[in-house]
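Residue-level structural notes
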There are 2 protein chains.
Amino acid sequence: EKGGLYPVNPKMTEVRGLRCYPTLLDTPDPVDHVISLIPARAVPTLVDQAIQKKVRSIHFFTAGFSETGDPEMARMEQEVIGKLKAAGIRAVGPNCMGLYVPSERIAFMNGFPGEPGNVMMISQSGANAGDVVHGLGRRGVRFSKVVSFGNGIDIRAHDLFEYGAADPQTEVITAYIEGVQDGRKMFEAIKAAARVKPVILLKGGLTGAGARAAHSHTGSLAGSTEIFDALCRQTGAMRAETMDDLHDLVVAVTTSVRRVRGRGVALIAGGGGFAVLSSDAIAAAGLDLLPTPEETKRLLREYIPMAGTSVNNPIDANSAAPDLARTTLRLVAQAPTNDVVIASPSFGQRGLPGAPDTTPGDDERDERIQEQIRVSVEMFAETQAETGTPVVALLRDRSASRKQMDAFQQEAYRAGIGTYPTVARAARAIALMLRWRERRTGLPTLF
Amino acid sequence: EKGGLYPVNPKMTEVRGLRCYPTLLDTPDPVDHVISLIPARAVPTLVDQAIQKKVRSIHFFTAGFSETGDPEMARMEQEVIGKLKAAGIRAVGPNCMGLYVPSERIAFMNGFPGEPGNVMMISQSGANAGDVVHGLGRRGVRFSKVVSFGNGIDIRAHDLFEYGAADPQTEVITAYIEGVQDGRKMFEAIKAAARVKPVILLKGGLTGAGARAAHSHTGSLAGSTEIFDALCRQTGAMRAETMDDLHDLVVAVTTSVRRVRGRGVALIAGGGGFAVLSSDAIAAAGLDLLPTPEETKRLLREYIPMAGTSVNNPIDANSAAPDLARTTLRLVAQAPTNDVVIASPSFGQRGLPGAPDTTPGDDERDERIQEQIRVSVEMFAETQAETGTPVVALLRDRSASRKQMDAFQQEAYRAGIGTYPTVARAARAIALMLRWRERRTGLPTLF
């Protein structure tokens, strides 16, 4: 039976309504994949049974092998992998969360989206993989495969990069790496993958303190920033310096942000002081916030009320009226100086003084806000389609509820619009992507 | 009548249940403070009436004066201030949000906390002041006075620093500045304030793009990073480089974070990969994540289960059990290498696989989580009191609802515990505070 699930535990007869079997050998049907959640010392027996049962693969959630530094446990790890290899059984782990494959209904944490997507994540940390799925999931991203591979006694990072490069469901590969096994193979696998798909890499343990933690976590040895940066440059991969970068770059390469061709940014966001700090952030990221061209200013002035607003860039339209917002967005997107427009959707925001109360959690406003979300996303998507200029949504954590913010992000992402929580992060993602494109000279253009 | 409110509008007879008067002169009682929300061209008439009515102060929300660059409006601004000065009436603005003084029940945005606190904010942007009150309000901070002073035709930044330095309700002063009027007076006022109270300054418009936006917003001219940094150093003020810094430093100086004396940081947080990236972030901030001393390790090992956990620093106790968490926190805080402990509270977090579902918004868990919040805050506060080591709460945006996260932050803050959303921001706030302390040689020690 496809998708059949067989709990195995000698002390139980039923687990959440499923019949529980005393050992793997007692399960009635052929078994494809075994998930080992038992202590390390019980693993050799399980492996013998798996061989007898002719399973195809095992995921060892089980920890306590070579990563402990205990020589006996390292020896047992070797013995286990030797037996599995001889029997042709592939292994994920040990010491890892294993597989999230939504199309096969396999997941390793609660709250993972049920529907599949186009991003593959390769991770030497289950917790970080979980944060990526949860965090990017809220921003609309969906996954083809996520693999936390732990000690990598059989399936290693390079195998997974090779898989991702060939997998038709995977359009983007991202990875969290602490140490490198088989350096040359890894380099070649990343290089081959990065030729054909965007590859986004985050390396943990680049500082002394981080390297100590990585050694304690996965037994990995220290790397250096210079070497890792060179690896990214030579393979054509994007380098994420932080977990935020990884999230933000995945959003960039799976939305219209990837079509940004130059450094000219327009920002439409209310609040003069916010505009000033945002301008500083955009400049600090190395992008250009050019003055609005005269012709665009003239057209904007026909629509935007004068006092307390600005038609300069940043444009401070200071209005939640949909028609005005739509016209402003279109005119700004049409201006020849602007390669990308960053704009705030106008649902649930504080407007001018005297606007309705926007305290979070006011249920009465929910329905109106749902409609505003729909209108905002449509406006962004239409502007993008009409003008050819990518539009990025800035979703500040201000007055909408988390549910509303999530609803906007999901709907915007489905329409090809990337959402960022701050101007600084949106600008940095764009700048990192532009730099990556510049560095890829000689490699195939992916977008 | 104290707190009496008199709407004035010739076209209305009632506003939200309050009697509305055709002109200021028609109001029945003496008036202390006038808030002008009328167009600029109508202001001279209002000013004449205010003089006749013998009011004490006016706040001009009204924009459209000198900041427009229109010479006639600049002249009108001068005329208005001339008349007010002659009559002894103080003015805030024009072109600003004015006053938030919770003790006097005056506020300029919805959702501002009703109860007063000890932080004064001086701002050349109403929107930024609003973001500070809302954002820091969620983290528990309360305010004595917040003043958005706009064009500053009468009351200017230096007046407000002088006021803040002397105000007994104000223990901390923070400011968002775009341009400087009366540079020498401003320098002296900041210097005098920073001698006696922590002063946290953020300057907008330090890049070319930011300076253009500042000119458009408040007519301010460009500053330079070097000059502003020198001002902070010479006056003994703390420099915030971003709005996040400003928020994080206010939290630092109003909680136990201000008692941190050295660079030794301990981190208690689950997830091996998260520990690695956090270690990198702490090292990048210039702090030390020292290995756990052997004696502390020995004591920890008595309590912490072995597999998948770490007694090294970061400590990955990987357990939501309150007793274990309490013991771990105490032992780590007692270790002589640790000047501060950053720890995650254990409510609503993902625990080991198999732990209860932690999808956000599950109402059934609310009550249990409220109790976990109470227990967590108590644990942090007790540990701090018993060991003398400041404890900082790391509140990642993962599985608790916003309401629960806000509840934790409020309760933690009242207990003297600062909360930060990421390890990087907590580490940066600590590092900036330590640097400020080092730079204050020769000035009085504030804490």
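Read on for an overview of the structure. (Residues numbered from 1 in each chain as written. Chains lettered and ligands numbered in written order. Predicted model: local features only at pLDDT ≥ 70, side-chain atom pairs only at ≥ 80, totals over all residues. Heavy atoms only, no water.)

Focus: the pattern of salt bridges
Applying the stated criterion across every chain yields a total of 52 salt bridges over all chains. Here D229 of chain B makes a salt bridge to R239 of chain B, at a shortest N to O gap of 3.5 Å. You can see D229 of chain B sitting in helix α7 (residues 225-235) and its partner R239 of chain B sitting in strand β11 (residues 238-240), a full ten residues away along the chain. In this pair, the class of D229 of chain B matches that of R239 of chain B, namely buried. Put simply, R326, E371, R374, E378 and E382 of chain A are held in one network by salt bridges that share partners. (Salt bridge = Lys/Arg side-chain N within 4 Å of Asp/Glu carboxyl O. Helix = DSSP H or I, 4+ residues; strand = E, 2+ residues; numbered from the N terminus. Buried < 20%, exposed > 50% of the residue type's maximum accessible area, 1.4 Å probe, protein only.)

Quick notes on the pairing of strand β13 (residues 340-343) of chain B
Residue and element names in this part refer to chain B. The alternating pattern of β13 places V340 and I342 and V341 and A343 on opposite faces, both of which are buried. With four bridges connecting them, strand β12 (residues 265-268) and β13 associate as parallel partners. Residue V265 lies in a different strand from β13, and its bridge partner there is V340. Pairing of β13 with strand β14 (residues 391-394) involves three bridges; the strand directions are parallel. Bridge pairing in β14 places I342 opposite V392. (Pairing = 2+ DSSP bridges.)

As for the relation of the copies chain B and chain A
Superposing chain B onto chain A requires a rotation of 180° together with a translation of 0.1 Å along the rotation axis, leaving an RMSD of 0.1 Å. Read as a symmetry element, the transformation amounts to a two-fold axis. Closest to the rotation axis within chain B is the C-alpha of R402 of chain B, separated from it by 3.5 Å. Residue by residue, 100% of the interface of chain B is reproduced at the interface of chain A, so both copies engage with the same surface. (Least-squares fit on C-alpha atoms with pLDDT ≥ 70 in both. Contact = heavy atoms within 4.5 Å.)

Re the interface of chain B and chain A
Taken together, the 58 residues of chain B in the interface contact 58 residues of chain A. When chain B packs against chain A, the two sides together hide about 3,900 Å² of surface, and 55% of this comes from carbon and sulfur. Put simply, chain B and chain A have two salt bridges between them. Note that D131 of chain A is salt-bridged to R396 of chain B, the shortest N-O span being 2.4 Å. (Buried area = accessible area lost by both parts, 1.4 Å probe.)

Structural notes on the sheet that holds strand β3 (residues 33-36) of chain B
All names here are of chain B. Strands sit in the order β3-β4-β5 across an open sheet of three strands; the sheet is parallel. Looking at strand neighbours, the two that pair on one side only are β3 and β5 (90-92), the edges of this open sheet. Going from strand to strand, the sheet's axes swing by 20° on average, the running direction of each strand aside. In terms of strand pairing, strand β4 (residues 57-60) meets β5 through three bridges, oriented parallel. By the bridge assignment, S57 is partnered in β5 with R90. (Axes fitted to C-alpha atoms, helices over the stretch in contact; angles between N-to-C directions.)

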